[in-house]
Each structure stands twice: as structure tokens, then as C-alpha cells.
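Structural features, examined
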Amino acid sequence: MPPDKRLSLLRLLPTLAKNPLECWSAEFFREPVLKLRLPFADTVLVHEPQAIRRVLLDNAANYRKDPLQRRILSSGLADGLLSVEGLRWEVQRRTLAPLFAKRSVSSFARPMLDAATALATKWTKLGDGAVVDVAAEMTLVTLTVLALTIFSDGIGEDFDQFRQAMNAYFGVIGRIGVLDLLGAPPWVPRPGQARLRRTMDYFEGVIDQIIEARRRKLLAVRRDIENDDLLSLLLRALDPSTGRSMGLNEVKSNILTFLSAGHETTANALAWSSFLLTQSPRWTALVQEEAARELQGPVEGLADRLVVTRAVVDEALRLYPPIAAISRMADQGDVIAGVRVKPGSLIVIAPYVLHRHQRLWHLPDVFDPSRFLETQKSKIGRYAYLPFGTGPRTCIGASFALQEATIVLAALINKFDLQILPGTNVWPIQRVTLRPSELKMSIGLRRTSS
Ligand code: HEM
């Protein structure tokens, strides 16, 4: 339950640094637009559909990604799609769009299923009733999917070392430090910066080697390899307007961007979906029934046939959106939903608040995947549900993530009964993404599974 009253400034700053989610008091879930005066910026919280449309679509040019968010999200990814602005962004977005078009995403269904099967095999070996940290296991499976879909030749060095370096990287970025909140310039050293630099150096070294090896291979083959992975698609991608390919730095930054933007987010979607299923025997049974039936069919079109599983993922993304808040900085003054916005104001659109807003949802806190089934789905307002954002900067990997989460969830729920360990206190924590505080589960082997 959110606190009834707004936090005082004295409590707000440490709470923002510890877990920003705990700053949302009850009124935010009732009011469409609210203004706050914070020490680092005038802030406008926007949870009204038409006002969201104005910020993210109709007047999007006036609302750039804010410097705080970019500093937190983009260390090491500065030349990638998530961080670039203006013309550079336009060129990259056009060039990268085909990598995430339906045809390429569909071709990744097989590696997604393979990664899920590898995890299921590992869990089976652990034995009936073994206890696993489901959040960590989901992070592992999404990283495996990215490794298989970006670097189908493997990642060169030791996968475990690569994974540990990824975790170290995510352990450092994404904390809103007090220095950031107070607006300290980027050259002021932040805690953990040296460790982050070492991790980035390791990554960049491994990725440089892989890119170089692939470029040589592509030159030698000189024709399209069947079932291209994301790296080949990226090295071949051309801006449709100019016919130019990307520079090496941009290729590298975008590989890092896909790894960072695509792995924790999807892992959290899977972790929260699994958690919510442990709370609902009825939906678990429906997913198991669907999975047993559909996994026997061809892998082509599998995610499209897993309708119930997909509704569970959609509902998990509503209750626990991995990107819990989207923020922008107003360039010029504006008026949104009758509220005056000063130049330089920080605009926050929080999917976490929007998705549980009392004006927009019936029984907002109740887990009910049927909201996303058939006729019900068309009743959801266009700007009431934004786990992937909207407008020009909407998530480029949305179909990839949804397909992956649906296939992996179905494959695991088909084979295992998941039970949350008694005494586990599952609580959402907002770092870069919205993750569960802990998620230890016992995994029972299902005897009836295919
Ligand atoms: C459930 C999983 C995911 C969620 C919830 C998610 C959410 C989001 C959101 C909300 C944004 C917009 C941020 C803003 O407007 O400020 C975004 C952008 C982005 N996402 Fe995702 N994402 C997910 C998975 C992925 C995957 C799998 C990839 C790539 C492999 C990816 C790559 C990106 C990139 C590159 C952008 C920046 C797009 C641009 O600025 O043009 N995401 N994502």
C-alpha cells in the first residue's frame, strides 16, 4: 500500500536514492497531473492519457531525455540508440529498425526456446523440490537469449566471466546517487566509477574481438548467411536514406545497448510473471494446459499461439513494469492538461503509477490477465498502458521481449511447479529496472509434462 501522505523533503531524498518506488503516495494514484518543487528541478508528474500523448508524441521535440536519466542509464552506452539525440538518433533508429522487425524477431523463436530448454535441463538436474533464486535464473536465461541472438558464434571467452562482468556493471549503474540528485557535474567522481570502468574495459575488449572476427567472416563469405544473428544484421545494416553503414563505435555501443536494455528488463518481466503465477493456481493451470498443447507444435508462430501465457506477461508488465518511470526535460515552456510547464521542468510519466491509476483501471491492484484477452483488451485506453513507452522513442525491442518472455515462461511452467518459499518477502525495488527484493522458489518437477 502506498503511504497516505507525500514524503517530506528530508525523507524524499534518501528514499529516492534507496528505492524511488516508495516515494509514490496515494494521491499520485488518484490525480491526473501533479506539480512538485524538488531541489534539483521543478517536477511535473503526468498520468493523464492526453497529457502523456502531448509529451511523448505530439510535442515530443520539446521533451528530450533528461540529463539525470541519461547519466544513470548510459554510462558506456553513450553512442547507442538509448542515449543519442537529434539527427544521430534519427539515423540510428532508421538503420536499426529492420533488426527488430517481425521477420527477424520471428527467426529468434528457436534460440529463445533453446535457452529456456537449457535452463529447464539445469533445473531438472537439481532435482525435485530444489530451491532456486528465480530472479537470478531469469537474468541468466535472458542473457543466454541475447548471447545466442546477438553472437550466434558464441561470445569468444568464458560465458560465466562475461556474465559476472555484466552483473558487476548492473550493480554499479542505475543507482541514483545523492551527487546526481544534487546536480553535481559529471566530472565529480561517483562511488564505484573505477570498478565500472574496469568492467567496461573488459566488455569492450571481448566485444571488439568478436566484431573483428565477424567482420572478417562476413567479408570472406560475401553473401547473406541464413538466419543472421543481430551482430551480422547490425554490421550489414544501412541507413535507408543514405545507404551508409554504422561506424564501429556505434556498432559496439549498440551491442552494449541491446545487452543492457534487453536483459534485465526482460528478466524482470519473467521474474514477476513467475511470482504472480505462484499467487494464482487458476492461471498457472491455464498456462500449463496451453503450454503442454502448443509446445508440441512447430516453433514458428509459437508465441502467437501462447495467448494465455502472453496475457500473463502483459498483466505482469502492468503490475510491475520493468521501466517504472520514464522522464523527460521540457525545453520550452508548455501547457499540458491545463497545467503550465516551465522551461527546464522535469516531466515524469511512471508506468508503475499509470498502470495502477484509479481513474484508468478497474481493481488496479488485482492480478487479472483476462484484461488482456480478446474483447477485454480493446477496452484498455491507448495511453493507459505503456510498459514500452510510446512515441518516437518507444522501445525498439518490444516484440523481441514479448516473444522471449512468452516462450520462456511457457516452457518453464510446462515443466515445473513453482512455489515461493514461506517467509519470503517479495517487494519491488527500483534500480535501473523494477526488480523483486528476493525471489527464492522451490521447483517441483511436473510428472504430466510433455
Ligand atoms: C520487458 C522488456 C523491456 C521493457 C519493459 C522495455 C522498456 C523500454 C522503455 C519504457 C523504453 C522507452 C524509454 C523512454 O521513452 O525514455 C525503451 C527503450 C529502448 N529499449 Fe526497451 N524494454 C524492454 C526490452 C528491450 C529489449 C529486449 C531491447 C533490445 C534487445 C530493448 C532495447 C531498447 C532500446 C534500444 C531503447 C531506446 C529506443 C530509442 O530511444 O529509440 N528493450 N525500452
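One can find the structure itself at the top, above this paragraph.
Here the structure is a predicted model, which is why all the values come from computation and not from measurement.

**Some thoughts on the overall build of the chain**
If you tally the helices and strands in the chain, you get 18 helices and twelve strands. A burial count over the chain gives 54% of its 450 residues as buried. Surface summary for the chain: the accessible area is close to 20,600 Å², and the carbon and sulfur share equals 54%.

**Observations regarding the coordination of the iron atom of the ligand**
In this structure, the iron atom of the ligand receives exactly one donor atom from the protein: C395 (SG), at 2.3 Å. When you line up the elements, C395 lands in the loop between α17 (374-377) and α18 (398-415).

**Looking at the packing of helix α12 (residues 248-278) against helix α15 (residues 307-319)**
Their axes nearest at 9 Å, the elements α12 and α15 cross at an angle of 105°. With respect to α15, the axis of α12 lies roughly perpendicular. Between α12 and α15, the residues in contact are A269, W272, S273, L276 and L277 and V312, V313, A316, L317 and L319, respectively. For the contact of α12 with α15, the residue count by class is nine nonpolar, one polar and no charged.

**Things to note about the site of the ligand**
Within the structure, the ligand sits among 27 residues, and W89, R93, R328, R393 and C395 are positioned closest to it. In the model, an oxygen atom of the ligand is placed 2.7 Å from a nitrogen or oxygen of the R93 side chain. With respect to the ligand, the side chain of R328 contributes an N or O atom lying 2.8 Å from an oxygen atom. Taking a 2 Å distance to the grid points as the criterion, the majority of the atoms of the ligand fall inside the largest cavity.

**Topic: the packing of helix α7 (residues 134-150) against α18**
Following both chains from N to C, one finds α7 and α18 inclined at 125°, their axes separated by 12 Å at the closest point. Considering the angle they form, α7 stands oblique to α18. Pair α7 / α18 crosses with right-handed handedness. The residues of α18 that touch α7, namely those facing M138, V141, T142, V145, L146 and T149, are F400, E404, V408 and L412. Classifying every residue of the contact of α7 with α18 gives seven nonpolar, two polar and one charged.

**Remarks on the pairing of strand β2 (residues 41-46)**
Burial analysis of β2 places five of its six residues in the buried class, the great majority of the element. With six bridges connecting them, strand β1 (residues 33-38) and β2 associate as antiparallel partners. Residue pairing in the sheet places L36 in a bridge with T43 of β2. Linkage of β1 to β2, two consecutive antiparallel strands, is achieved through a turn of two residues. Where β2 meets strand β8 (residues 346-349), three bridges bridge the pair, whose relative direction is parallel. Note that in β8 the partner of T43 across the bridge is L346.

**What about the sheet that holds β8?**
Backbone-to-backbone hydrogen bonds join strands into a sheet, with any given pair of strands oriented parallel or antiparallel. The strand order across the open sheet built from five strands is β1-β2-β8-β5-β3, with neighbouring strands paired in mixed fashion. A single partner strand is all that each edge strand has here, and the edge strands are β1 and β3 (63-65). Pairs of neighbouring strands in the sheet enclose a mean axial angle of 30°, with direction left out of account.

**Describing the sheet that holds strand β9 (residues 416-420)**
An order of β4-β12-β9 is seen for the three strands of this open sheet, with the pairing classed as antiparallel. The outermost strands of the open sheet, each flanked by one partner alone, are β4 (130-133) and β9. Put simply, the sheet's adjacent strands are angled 35° from each other on average, direction ignored. Here helix α6 (residues 109-126) sits on the sheet and contacts β4, β9 and β12 (440-445); the angle it forms with β9, its principal contact strand, is near 70°. Each of β9 and β12 is contacted by α18, which is oriented at about 90° to β9, the strand it contacts most.

**Structural notes on the environment of D331**
Of note, D331 is situated in the loop between β5 (326-330) and β6 (334-336). The exposure class assigned to D331 is partly exposed, which follows from its relative accessible area of 47%. Measuring from C-alpha to C-alpha, the distance between D331 and V341 comes to 9.9 Å, with ten residues separating the pair along the chain. Apart from residues no more than four positions distant in its own chain, D331 is found in contact with N62, P343 and G344.

**A closer look at α15**
Spacing of three or four residues puts side chains on the same side of an α-helix, whose turn is 3.6 residues. When the terminal C-alpha atoms of α15 are compared, their 19 Å separation across 13 residues agrees well with the 18 Å that a helix rising 1.5 Å per residue should span. Burial within α15 is extensive, with eleven of its 13 residues counted as buried.

**Here's the deal with the pairing of β8**
Of the two faces of β8, the one carrying L346 and V348 and the one carrying I347 and I349 are both buried. Where β5 and β8 come together, four bridges link them in antiparallel fashion. Its bridge partner being in β8, M329 is matched across the sheet by L346.

**Observations concerning empty space enclosed by the protein**
Summed over the entire model, instances satisfying the criterion amount to three cavities of 30 Å³ or more. Of the volumes computed, that of the largest cavity is approximately 870 Å³. Lining the largest cavity we find 43 residues, and of these L82, A261, T265, I323 and C395 sit closest to its centre. At the level of elements, α3 (67-74), α4 (86-96), α12, α15, β5 and α18 are the ones that each hand at least two residues to the lining of the largest cavity. Of the residues forming the lining of the largest cavity, the biggest block, eight residues, is contributed by α12.

So, how was this worked out
Residues numbered from 1 in each chain as written. Predicted model: local features only at pLDDT ≥ 70, side-chain atom pairs only at ≥ 80, totals over all residues. Heavy atoms only, no water. Helix = DSSP H or I, 4+ residues; strand = E, 2+ residues; numbered from the N terminus. Buried < 20%, exposed > 50% of the residue type's maximum accessible area, 1.4 Å probe, protein only. Areas by Shrake-Rupley, 256 points an atom, 1.4 Å probe, with all protein chains shown as cover. Donors = N, O, S within 2.8 Å, 3.2 Å for Na, K, Ca; no water. Axes fitted to C-alpha atoms, helices over the stretch in contact; angles between N-to-C directions. Parallel < 35°, antiparallel > 145°, perpendicular 65-115°, else oblique. Contact = heavy atoms within 4.5 Å. Nonpolar A, V, L, I, M, F, W, Y, C, P; charged D, E, K, R; others polar. Near = heavy atom within 4 Å. Polar contact = N/O pair within 3.5 Å; in protein donor to acceptor, adjacent residues only side chain to side chain. 1 Å grid on protein atoms, 1.4 Å probe; cavity = no way out; pocket = protein on both sides within 12 Å on 5 of 7 lines; lining within 4 Å. Sits in = over half its atoms within 2 Å of the grid points. Left-handed = near helix turned anticlockwise from the far one by under 90°. Pairing = 2+ DSSP bridges. Expected span 1.5 Å × (residues − 1). Points joined across faces, edges and corners; volume = space filled by probe spheres on them.

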